[in-house]
Amino acid sequence: MIVLGIETSCDETAAAIVTDAREIRADVVLSQIADHTPYGGVVPEVAARAHLEHLDGLIRRALDEAGVGLGDLDAVAATGGPGLIGGVIVGVMTAKAIAAARRLPFVAVNHLEGHALTARLTDDVAFPYLLLLVSGGHCQLLVVEGPGAYRRLGTTIDDAVGEAFDKTAKLIGLGYPGGPQVEKAAAEATNPGRFALPRPMLGRPGCDFSFSGLKAAVRRAVEERPKPLTPEDRADLAAAFQHAVADVMADRCKRAIRAFKAAHPQGGALVVAGGVAANKALRARLAGLADKEGMPFVAPPLRLCTDNAAMIAWAGIERLRLGQTDTLDFAPRPRWPLDPTAKPAIGRPDVGAGVKA
């Protein structure tokens, strides 16, 4: 089975060719960082126009790199949500056009499910497993029991962790995107313990996250320093922030592991996915936790942690194996929770499942 995957949910335009033998024949990604850097964040209209301008060429490039034509495809999969609706529409309509013209099955993939199932593409991880999904818009702990079968154990009650990285980078005067910049600065810290930052939710019952208080503490630390911040200030603050995030993640994951083992005593892996999973310090911390808890730890290669179309093609393959396809009247979804039965997050009723994934 050969599947074309299309990803246009945010600020990467991507196309990939993947087979059901877990072979990535082509994986092409065009970043829009240069387009959005002047604004300090993603501008939805700019992103949608860039997707529209470049997607056709990227699909042709992916086909050429894979050595296949449209006639060799068995299906087309595209991100159907959640994401910036303009970009999602571009990808979905392009996929529908190819599917209709070639009479191919069309699969609308939940972008979060693409991240969730990436470990099965790269490492053939068996169901069930515990997933920490961390990105610019999402921060969740989920039990993954199969395609379309997710049980949420915890979520953020305010900011996503990737959002906190971006805002921290802006506060301390680092570049965009914030995650890689904070990680780079933290590696240069000479006194990472100089700034005492809080660990929100640490030791609390449950598996939910909170990062707004940590972000506010960074702002206060910046306001208390002489201006402008020195390179040492920036590096030490970045390290303090990153360490606080790792402490919170480890604490929340440890509680989720207990809940997971209670429901699935036969065991399973701890998987981390999403853009923030590219952070090496966080990966190392979670790997150590998994080892102490006697669980395999799986983190996809860095390239497949950030948004890409290979994960979308693979999620489409998982769905196709179950005989699941979508009709050409599928409507793109700006919100699309993995666990629609999950209750709204405590403290922010507007951030519950069905409102924000």
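Keep in mind the model is a prediction, meaning the values are calculated, not measured. (Residues numbered from 1 in each chain as written. Predicted model: local features only at pLDDT ≥ 70, side-chain atom pairs only at ≥ 80, totals over all residues. Heavy atoms only, no water.)

Novice: Please set out the overall build of the protein chain residue by residue, giving values where relevant.
Specialist: Scanning the protein chain from terminus to terminus reveals eleven helices and ten strands. For 357 residues, the compact-globule estimate of 2.2 N^0.38 gives 21 Å, and the C-alpha radius of gyration of the protein chain, at 20 Å, lies within 12% of that figure. If one aligns the C-alpha atoms of the protein chain with their principal axes, the spans along those axes are about 60 × 50 × 35 Å. Of the contacts made within the protein chain by residues no fewer than 6 positions apart, 73% connect residues no fewer than 24 positions apart. Surface accessibility of the protein chain: about 14,500 Å² in total, with carbon and sulfur atoms responsible for 53%. Averaged over its 40 positive side-chain charges, the protein chain has a centre that lies 5 Å from the centre of its 40 negative ones. (Helix = DSSP H or I, 4+ residues; strand = E, 2+ residues; numbered from the N terminus. Rg over C-alpha atoms; globule rule 2.2 N^0.38 Å. Contact = heavy atoms within 4.5 Å. Areas by Shrake-Rupley, 256 points an atom, 1.4 Å probe, with all protein chains shown as cover. Lys, Arg positive; Asp, Glu negative; His and termini not counted. Charge placed at Lys NZ, Arg CZ, Asp CG, Glu CD.)

Novice: Outline the side chain of Asp 236, supporting the account with residue identities and numerical values.
Specialist: Its place among the elements puts Asp 236 in helix 8 (residues 231-263). Excluding anything up to four places from it in sequence, Asp 236 contacts Ala 189, Thr 190, Asn 191, Pro 192, Arg 194 and Phe 195.

Novice: With reference to specific residues and values, describe the nonpolar core.
Specialist: Core analysis: the biggest nonpolar cluster contains 52 residues, and Leu 132, Val 161, Phe 211, Phe 241 and Met 249 have the highest contact counts within it. With 13 residues, the top contributor of residues to this core is helix 8. Dropping the residues within four chain positions of it, Phe 241 is found in contact with Ala 164, Phe 165, Thr 168, Val 182, Leu 197, Leu 214 and Val 218. (Core = buried A, V, L, I, M, F, W, Y, C linked by side-chain atoms within 4.5 Å. Buried < 20%, exposed > 50% of the residue type's maximum accessible area, 1.4 Å probe, protein only.)

Novice: Describe the packing of helix 7 (residues 212-224) against helix 8, with residues and values.
Specialist: Across the interface, helix 7 lies against helix 8 with an axial gap of 11 Å and an inter-helix angle of 160 degrees. Taken as axis vectors, helix 7 and helix 8 run roughly antiparallel relative to one another. Handedness of the helix 7/helix 8 crossing: right-handed. In this structure, helix 7 contributes Leu 214, Val 218, Ala 221 and Val 222 to the contact, and helix 8 contributes Leu 237, Phe 241, Ala 244 and Val 245. Per-class residue counts for the contact of helix 7 with helix 8 are eight nonpolar, no polar and no charged. (Axes fitted to C-alpha atoms, helices over the stretch in contact; angles between N-to-C directions. Parallel < 35°, antiparallel > 145°, perpendicular 65-115°, else oblique. Left-handed = near helix turned anticlockwise from the far one by under 90°. Nonpolar A, V, L, I, M, F, W, Y, C, P; charged D, E, K, R; others polar.)

Novice: Describe unusual backbone geometry, with residues and values.
Specialist: Going from Gly 81 to Pro 82, the amide bond is cis rather than trans, its omega being -15 degrees. Examined against the element boundaries, Pro 82 turns out to sit in the loop between strand 4 (75-81) and helix 3 (85-102). Cis rather than trans, the peptide bond between Phe 127 and Pro 128 has omega equal to -10 degrees. Tracing the chain through its elements places Pro 128 in the loop between helix 4 (111-123) and strand 6 (129-134). With a phi angle near 65 degrees, Arg 22 is a residue other than glycine that sits in the positive phi range.

Novice: Break down the pairing of strand 8 (residues 149-155) for me, with residues and values.
Specialist: Two faces belong to every sheet, and in a regular strand the side chains alternate between them. Extensive coverage of strand 8 is indicated by the burial of five of its seven residues. Alignment of strand 7 (residues 139-146) against strand 8, held across six bridges, turns out to be antiparallel. Residue pairing across strands places Gln 140 opposite Thr 155, the latter belonging to strand 8. Taken together, strand 7 and the strand that follows it, strand 8, pair antiparallel across an intervening segment of two residues, in which Gly 148 is found at a positive phi of about 80 degrees. (Pairing = 2+ DSSP bridges.)

Novice: I'd love a proper account of the packing of aromatic side chains, names of residues and values included.
Specialist: Under the counting rule described, the total for this entry stands at five aromatic pairs. With centroids separated by 5.8 Å and ring planes inclined at 10 degrees, the aromatic side chains of Phe 127 and Tyr 129 adopt a geometry described as stacked. On the numbers, 6.2 Å between centres and 15 degrees between planes, the contact of Phe 209 with Phe 211 is stacked. Phe 211 shares its class with Phe 209; the two are buried. Through a chain of ring-to-ring contacts, the aromatic side chains of Phe 106, Phe 330 and Trp 336 assemble into a single cluster. (Phe/Tyr/Trp six-rings, centres within 6.5 Å; stacked < 30°, edge-to-face > 60°.)

Novice: Break down the sheet that holds strand 8 for me, with residues and values.
Specialist: Spatially, 8-7-6-9-10 is the arrangement adopted by the five strands of the open sheet, whose pairing is mixed. Sheet topology places strand 8 and strand 10 (297-298) at the edges, where each strand pairs with a single neighbour. Bridge count for strand 9 (residues 270-273) against strand 10 is two bridges, and the pairing is parallel. Note that in strand 10 the partner of Val 271 across the bridge is Val 298. Here helix 4 sits on the sheet in contact with strand 6, strand 7, strand 8, strand 9 and strand 10, set at roughly 125 degrees to strand 6.

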